[in-house]
Amino acid sequence: QVQLVESGGELVQAGGSLRLSCTASGRTFSTTSMAWFRQAPGKEREFVIGIMWRGDSIRYTDSVKGRFAVSRDSAKNTMYLQMNSLRPEDTAIYYCAAPRLYTLTVPNTESSYYYWGQGTKVTVSA
């Protein structure tokens, strides 16, 4: 059984930083991408940032450029999201996701991802 488990979400003040983790179990994702999505209250889930597991190809949405970074530790089967200069509009539940099959690039659509974590809540106060 494949599981993705996120952790690290909490309440933080605007301008602060957080690091989220996503640990996979049940299989490795050495030939696929992995990504972070988020869903703010009352909004649809959106792509945030993603990374190819074996390479350093990274894709991100413009609103997090220069503030968020993604990395992965293959040995730990874990992906990280470093979030700096947080803003109230970053408040959301953050999900990690992985496709079922091999991907050549990092997709940015929900339909491209098969495995999802349960989410971790990030709240940024003004």
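Just above sits the structure.
Residues numbered from 1 in each chain as written. Predicted model: local features only at pLDDT ≥ 70, side-chain atom pairs only at ≥ 80, totals over all residues. Heavy atoms only, no water.

Peer 1: Can you break down the pattern of salt bridges residue by residue, with the values?
Peer 2: One pass over the full model with this rule turns up four salt bridges. A salt bridge links E46 to R38; the nearest nitrogen and oxygen atoms lie 2.7 Å apart. In this structure R38 comes out as buried when scored by relative accessible area, which is 5%. A salt bridge links R38 to D90, with the shortest nitrogen-to-oxygen separation between them at 2.9 Å. In this pair, R38 is assigned in strand β4 (residues 33-39) and D90 in the loop between β8 (78-83) and β9 (92-98), connecting sequence segments 52 residues apart. A network of salt bridges, in which partner residues are shared, links R38, E46, R67 and D90. (Salt bridge = Lys/Arg side-chain N within 4 Å of Asp/Glu carboxyl O. Buried < 20%, exposed > 50% of the residue type's maximum accessible area, 1.4 Å probe, protein only. Helix = DSSP H or I, 4+ residues; strand = E, 2+ residues; numbered from the N terminus.)

Peer 1: Explain the nonpolar core to me, using residue names and the numbers behind them.
Peer 2: Among the nonpolar cores identified, the biggest contains 27 residues, and L4, W36, M79, M83 and Y94 are the most heavily contacted of them. Going through the elements one at a time, β3 (18-25), β4, β5 (46-52), β7 (68-73), β8, β9 and β11 (120-125) are the ones with two or more residues in this core. Not counting chain neighbours up to four residues away, the residues in contact with M83 comprise G16, S17, L18, L20, R67, F68, Y94 and V122. Counting seven residues, the second-largest nonpolar core is a separate cluster that includes A35, M52, V106 and Y113. (Core = buried A, V, L, I, M, F, W, Y, C linked by side-chain atoms within 4.5 Å. Contact = heavy atoms within 4.5 Å.)

Peer 1: Before we move on, can you summarise unusual backbone geometry with the specific residues and values?
Peer 2: In this structure, N77 is a non-glycine residue whose phi angle is positive, near 55°. Among the secondary structure elements, N77 is positioned in the loop between β7 and β8. For N77, a relative accessible area of 10% translates into the label buried. With phi around 50°, S85 is a residue other than glycine that occupies positive phi space.

Peer 1: An account of the sheet that holds β3 is needed here, citing residue identities and associated values.
Peer 2: With antiparallel pairing, four strands are arranged side by side in an open sheet as β1-β3-β8-β7. Taken across any chain shown, the strands that pair with only one partner, and hence form the sheet edges, are β1 (3-7) and β7. Averaged over all adjacent pairs, the angle separating strand axes in this sheet is 15°, with direction ignored. Where β7 lies against β8, six bridges are found, and the strand directions are antiparallel. Bridge pairing in β8 places V70 opposite L81. (Pairing = 2+ DSSP bridges. Axes fitted to C-alpha atoms, helices over the stretch in contact; angles between N-to-C directions.)

Peer 1: Quick one: what's the story with the pairing of β9, residue by residue and with numbers?
Peer 2: Burial within β9 is extensive, with six of its seven residues counted as buried. In this sheet, β9 lies alongside β4 in antiparallel orientation, the contact comprising five bridges. Following the sheet pairing, F37 is matched in β9 by Y95. Inspection of the sheet shows β9 paired to β11 by three bridges, in the antiparallel sense. Opposite Y94, over in β11, you have T120 as the bridge partner.

Peer 1: Can you explain the packing of aromatic side chains? Please cite residues and give values.
Peer 2: Within the structure shown, the criterion is met by five aromatic pairs. Plain terms: the ring middles of Y113 and W116 are 6.3 Å apart, the flat faces sit at 70° to each other, and that makes the pair edge-to-face. Aromatic side chains Y114 and Y115 sit 4.8 Å apart centroid to centroid with 85° between the ring planes, which places their arrangement in the edge-to-face category. Exposure remark for Y114: the relative accessible area of 48% places this residue in the partly exposed category. (Phe/Tyr/Trp six-rings, centres within 6.5 Å; stacked < 30°, edge-to-face > 60°.)

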